[in-house]
Amino acid sequence: AKEYENIIVSRPGNGVGLITLNRPKALNALSSPLFEELNYATAELDGDNEIGALVITGSERAFAAGADIKEMKDKTFADVYQNKFLENWGKLATIRKPIIAAVSGYALGGGCELALMCDIILASPTAVFGQPEINLGVIPGGGGTQRLIHAIGKSRTMELVLTGRNFSAAEAESWGMISRVVKEGEGEVVKEAIKVAEAIASKGRLAVHAGKEAVNAAYEMSLAEGLRFERRIFHGLFATQDQKEGMSAFAEKRKANWSHS
Ligand code: CAA
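Residues numbered from 1 in each chain as written. Predicted model: local features only at pLDDT ≥ 70, side-chain atom pairs only at ≥ 80, totals over all residues.

Draft legend 1. Geometry of the overall build of the protein. Scanning the protein for helices and strands turns up eleven helices and ten strands. At 19 Å, the protein has a C-alpha radius of gyration in line with the 18 Å of a compact globule built from 261 residues. Expressed along its principal axes, the backbone C-alpha trace of the protein runs to roughly 65 × 45 × 40 Å. The burial tally for the protein puts 36% of its 261 residues in the buried class. The long-range share in the protein, meaning contacts at least 24 apart out of those at least 6 apart in sequence, stands at 68%. (Helix = DSSP H or I, 4+ residues; strand = E, 2+ residues; numbered from the N terminus. Rg over C-alpha atoms; globule rule 2.2 N^0.38 Å. Buried ≥ 20, exposed ≤ 12 C-beta atoms within 10 Å, placed from the backbone. Contact = placed C-beta atoms within 7 Å.)

Okay, here's the thing in structure tokens:
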């Protein structure tokens, strides 16, 4: 197994890969080395047949307090442009298996953007979200302006990006940015995220991949294109063993035994 310095990878449940961001002294600031490890670990879990879903979490105090400001401070335009700074963050969005963000504490700047890159967000009541980049003389660079618009609409996104004010788990829930706030208590949000991940991991993998792909297509296509895309993928699943098994199991009143083929 690979040695990591900034994350911890574990397998806490049936078919679940858990990645815990682990730079406590910097409130899990997303340094380049951390993100490289995150990309490596997610790609490895994505290719692991034993794994059906991933969870990314931080600590009780911080999911992640943003990109690493100390690392960025002295960079020039030439540095960031030539070296495609943050471009590798996009790799996370190419992972096929569902990723659940379990957010406690600060999810600011890149931390909020990391959560938005995940497929499902669960938050503890203590979660504090925000895009404070405006206070640093920049704007979000990890997808914040684009993904927030889809999640919560233009007016709220403008307000948050231009004032840099933090927002609560309750606000994020009422705006539909996260799927829900879990009950209070240490470790609760991770426990709940693992439960959701186990539920997903217990399904046929091909259908899960197809479902994620089709839902994500809605971000990039018109309604007509998206509906056509959905129907084609739906049709395609009739070529799988899991479709035969799933529908036979229903008719025979038994539990489906997925072969993921
Ligand atoms: N980068 C680097 N280090 C960070 C950090 C960050 N984003 N956030 C926190 N830290 C470090 C602090 O510098 C501090 O380190 P030292 O002990 O060595 O001084 C340590 O973590 C603890 O932080 P604080 O002492 O500040 O803790 P606090 O409880 O007083 O405040 C906080 C917590 C409100 C989250 C505050 O740390 C903060 O405002 N952090 C920065 C948040 C931010 O601006 N994020 C956006 C970054 S830019 C970005 O993300 C760009 C993008 O879109 C990709």
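Draft legend 2. Representation of the sheet that holds strand β8 (residues 128-130). Ordered by their spatial adjacency, four strands build an open sheet running β4-β6-β8-β9, and the pairing between neighbours is mixed. Single-partner strands in this sheet number two, and they are β4 (62-64) and β9 (167-168). Across two bridges, β8 lies against β9 in antiparallel orientation. By the bridge assignment for β9, phenylalanine 129 is matched with phenylalanine 167. Where helix α4 (residues 110-117) meets the sheet, its contacts fall on β4, β6 (106-108) and β8, and the angle it forms with β6 comes to roughly 90°. (Pairing = 2+ DSSP bridges. Axes fitted to C-alpha atoms, helices over the stretch in contact; angles between N-to-C directions.)

Draft legend 3. Quick peek at helix α5 (residues 144-152). Buried within α5 are the following residues: Gly144, Arg147, Leu148 and Ile152. For α5, the arc enclosing every buried residue in end-on projection is 105°, short of the 170-degree limit, so these residues lie on one face. In this structure, the buried residues of α5 make contact with α4 and α6 (154-163). The first or second residue beyond α5 is glycine 153, which carries a positive phi of 90°. (Arc of directions from axis to C-beta.)

Draft legend 4. Structural context of the domain arrangement of the protein. What the domain assignment reports for the protein is domain 1 (7-201) and domain 2 (205-251). Contacts between domain 1 and domain 2 engage six residues on the former and five residues on the latter. Looking at the side of domain 1 that touches domain 2 residue by residue, the classes come out as two nonpolar, two polar and two charged. (Domains from an automatic or database assignment. Nonpolar A, V, L, I, M, F, W, Y, C, P; charged D, E, K, R; others polar.)

Draft legend 5. Representation of the nonpolar core in the model. Within the largest apolar cluster, 62 residues are counted, with the highest numbers of intra-cluster contacts made by Val55, Val103 and Ala107. Among the elements that line this core, the one with the most residues is helix α8 (residues 188-201), at seven residues. Those residues in contact with alanine 107 that lie beyond four places of it in its chain are Phe63, Ala64, Cys112, Ala115, Ala127, Val128 and Phe129. (Core = buried A, V, L, I, M, F, W, Y, C linked by C-beta atoms within 7 Å.)

Draft legend 6. Representation of the site of the ligand within the structure. Taken together, 22 residues sit near the ligand, with Ala29, Ala65, Gly66, Gly109 and Gly110 positioned nearest. Looking at the shell around the ligand, the elements with two or more residues in it are α2 (69-72), β6 and α4. (Near = placed C-beta within 6 Å.)

Draft legend 7. Looking closely at the pairing of strand β1 (residues 7-13). With five bridges connecting them, β1 and strand β2 (residues 16-21) associate as antiparallel partners. Across the sheet, residue valine 9 finds its bridge partner in β2, namely isoleucine 19. The hairpin formed by β1 and β2 contains two residues between the paired strands, and glycine 15 there has a positive phi angle of roughly 75°.

Draft legend 8. Quick look at the packing of helix α9 (residues 205-217) against helix α10 (residues 223-236). In the contact formed by α9 and α10, the axes pass within 9 Å of each other and the chain directions differ by 170°. Between α9 and α10, the interaxial angle falls into the category roughly antiparallel. In this structure, α9 contributes Ala210, Glu213, Ala214 and Ala217 to the contact, and α10 contributes Gly226, Phe229, Glu230 and Ile233. (Parallel < 35°, antiparallel > 145°, perpendicular 65-115°, else oblique.)

Draft legend 9. Main features of unusual backbone geometry. Look at leucine 27: it is not a glycine, yet its phi comes out positive at around 50°. Topologically, leucine 27 is positioned in the loop between β2 and α1 (32-46). Overall, leucine 27 belongs to the partly exposed group, with 19 C-beta atoms counted inside 10 Å. In this structure, lysine 84 takes a positive phi of about 50° despite not being glycine.

Draft legend 10. Fine view of the environment of methionine 72. Position of methionine 72 relative to the elements: it lies in helix α2. Sequence separation of methionine 72 and serine 32 is 40 residues, and the distance between their C-alpha atoms is 9.9 Å.

Draft legend 11. Looking closely at the packing of α5 against α6. Two numbers describe how α5 lies on α6: the axes approach to 8 Å, and their chain directions differ by 140°. Relative to α6, the element α5 lies oblique. For the pair α5 and α6, the sense of crossing is right-handed. Contact residues: α5 offers Gly144, Thr145, Leu148, Ile149 and Ile152, while α6 offers Lys154, Arg156, Thr157, Leu160 and Val161. When grouped by side-chain class, the residues that make up the contact of α5 with α6 number five nonpolar, three polar and two charged. (Left-handed = near helix turned anticlockwise from the far one by under 90°.)

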